[in-house]
Amino acid sequence: MKSLYKYFFRGLITILPVALTVYLLYIFLAWMETAALWILRPLIGSFYIPGLGLVFGVLSILVIGYLVSKQSVRKLLSFAEMPFTNLPVVKSIYSSLKSFADYFSPSGKQGEQSVVILRMPGHAMEIVGLITRRSFADLPAGFLPGERVAVYLPMGYMIGGYTVFVPADWVQPIDMSVEEAMRSSLIAWMARPPATGAGGGSNAG
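The text that follows walks through the structure, step by step, so that each part is easy to find. If you're wondering where the values come from, they're calculated on a predicted model, not measured in any experiment.

## So, the sheet that holds strand β1 (residues 114-119)
Item 1. Spatial ordering of the open sheet is given by β4-β3-β2-β1-β5, a layout of five strands whose pairing is antiparallel. Edge strands, defined here as strands with exactly one partner in the open sheet, are β4 (161-167) and β5 (171-173). Within this sheet the neighbouring strands show an average axis-to-axis angle of 40 degrees, counted without direction.
Item 2. As paired elements, strand β3 (residues 148-154) and β4 share seven bridges and run antiparallel to each other.

Written out as structure tokens, the structure reads:
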């Protein structure tokens, strides 16, 4: 009986991540297909090819990405964002999500994105974090002088995190991409996920 339990949980642990990933991917693709077909239906009528809505959705995202890379479109987008950036509660949520997304965007501050180990002098404990800023010129007065960096310390299972401002010589860059560090933090570093590719890192030395 003990062996049966062991085999059951081993099989469950093996299949659960795959099943959840496939399920979430299916929900996302089904939603995109439905939304895209809702837009296309007045144009194509009853004509339908499986996957047509998904292709249209992906192409729409590419077009939007191309358009927002233009300065004139970004100005128009800033007006569209006004309701989200002025309403009291919505402003906090939207600004936080947008800043987080901008951090990982290709046009983000690549020079500031790096995974580091934080070591406090006199302590053997090591904490893995992400450098989020190196310049404090735009922050209010009151921070301690000297070369300092802001380090975000994600908590396991993405239940939150802390941002600490420490001297620059307290941190040591490590050879790991931001995406890989976030995935490792998500599972509390129980295992190191495989790297996405040789060029997938976004560390800054």
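Having seen the structure, we can now continue with the description.
## A closer look at the packing of aromatic side chains
Item 1. This structure, assessed with the given rule, holds three aromatic pairs.
Item 2. Where Phe136 meets Phe143, the ring centres are 5.7 Å apart and the plane angle is 55 degrees; that geometry is what we call tilted.
Item 3. Owing to a relative accessible area of 37%, Phe143 belongs among the partly exposed residues under this scheme.
Item 4. By way of ring pairs, the aromatic residues Phe136, Phe143 and Phe165 are connected into one cluster.

## A short note on the pairing of β1
Item 1. Of all six residues that make up β1, five are buried, and the element is covered over most of its length.
Item 2. As paired elements, β1 and strand β2 (residues 126-133) share six bridges and run antiparallel to each other. Residue pairing in the sheet places Arg119 in a bridge with Glu126 of β2.
Item 3. In sequence, β1 turns back onto β2 through a hairpin of six residues, with Gly122 there showing a positive phi of about 85 degrees.
Item 4. As judged from the three bridges shared by β1 and β5, these two strands associate in the antiparallel manner. Each residue of the ladder has a partner; that of Val116, found in β5, is Pro173.

## Some words on the environment of Leu153
Item 1. Looking at where Leu153 falls in the secondary structure, it is placed in strand β3.
Item 2. On the basis of relative accessibility, which here comes to 12%, the residue Leu153 falls in the buried class.
Item 3. Sequence-wise, Leu153 and Val128 are 25 residues apart; in three dimensions their C-alpha atoms are separated by 6.8 Å.
Item 4. Look past the residues within four positions of Leu153 in its chain and what remains in contact with it is Leu118, Ile127, Val128, Gly129, Gly161, Tyr162 and Val164.

## Some details on the pattern of salt bridges
Item 1. This model, assessed by the stated rule, comprises one salt bridge.
Item 2. For the salt bridge of Arg119 with Glu126, the shortest nitrogen-to-oxygen distance reads 2.7 Å.
Item 3. By relative accessible area, which is 48% here, Glu126 ends up partly exposed.

## A word on the packing of helix α1 (residues 2-44) against helix α2 (residues 52-68)
Item 1. Two elements in contact, α1 and α2, have axes whose closest approach is 7 Å; the angle formed by their N-to-C orientations is 95 degrees. The angle between the axes of α1 and α2 places the two elements in the roughly perpendicular class. Residues Leu29, Met32, Glu33, Ala36, Leu37, Ile39, Leu40 and Ile44 of α1 lie in contact with α2, whose contacting residues are Leu52, Gly53, Leu54, Phe56, Gly57, Val58 and Ile61.
Item 2. A class-by-class count of the residues in the contact of α1 with α2 yields 12 nonpolar, two polar and one charged.

## Points about a nonpolar patch on the surface
Item 1. Taken together, the side chains of Met1, Leu4, Tyr5, Phe8, Phe9, Leu12, Ile13, Ile15, Leu16, Val18, Leu20 and Val22 make up a nonpolar region of the molecular surface, amounting to roughly 1,300 Å² of accessible area.
Item 2. Classification of Leu20 as partly exposed rests on a relative accessible area of 46%.

## Description of the nonpolar core
Item 1. Counting residues in hydrophobic clusters, the biggest one holds nine residues: Val116, Leu118, Ile131, Val149, Val151, Leu153, Val166, Ala168 and Val171.
Item 2. At the level of secondary structure, the elements contributing two or more residues to this core comprise β1 and β3.
Item 3. At three residues, the largest contribution of residues to this core is made by β3.
Item 4. Of all hydrophobic cores here, the second largest spans six residues; its members include Val115, Val178, Ala181 and Met182.

Basis of the calculations
Residues numbered from 1 in each chain as written. Predicted model: local features only at pLDDT ≥ 70, side-chain atom pairs only at ≥ 80, totals over all residues. Heavy atoms only, no water. Pairing = 2+ DSSP bridges. Helix = DSSP H or I, 4+ residues; strand = E, 2+ residues; numbered from the N terminus. Axes fitted to C-alpha atoms, helices over the stretch in contact; angles between N-to-C directions. Phe/Tyr/Trp six-rings, centres within 6.5 Å; stacked < 30°, edge-to-face > 60°. Buried < 20%, exposed > 50% of the residue type's maximum accessible area, 1.4 Å probe, protein only. Contact = heavy atoms within 4.5 Å. Salt bridge = Lys/Arg side-chain N within 4 Å of Asp/Glu carboxyl O. Parallel < 35°, antiparallel > 145°, perpendicular 65-115°, else oblique. Nonpolar A, V, L, I, M, F, W, Y, C, P; charged D, E, K, R; others polar. Patch = residues over 30% accessible without salt bridge, like charges linked within 9 Å, V, L, I, M, F, W, Y side chains within 5 Å. Areas by Shrake-Rupley, 256 points an atom, 1.4 Å probe, with all protein chains shown as cover. Core = buried A, V, L, I, M, F, W, Y, C linked by side-chain atoms within 4.5 Å.

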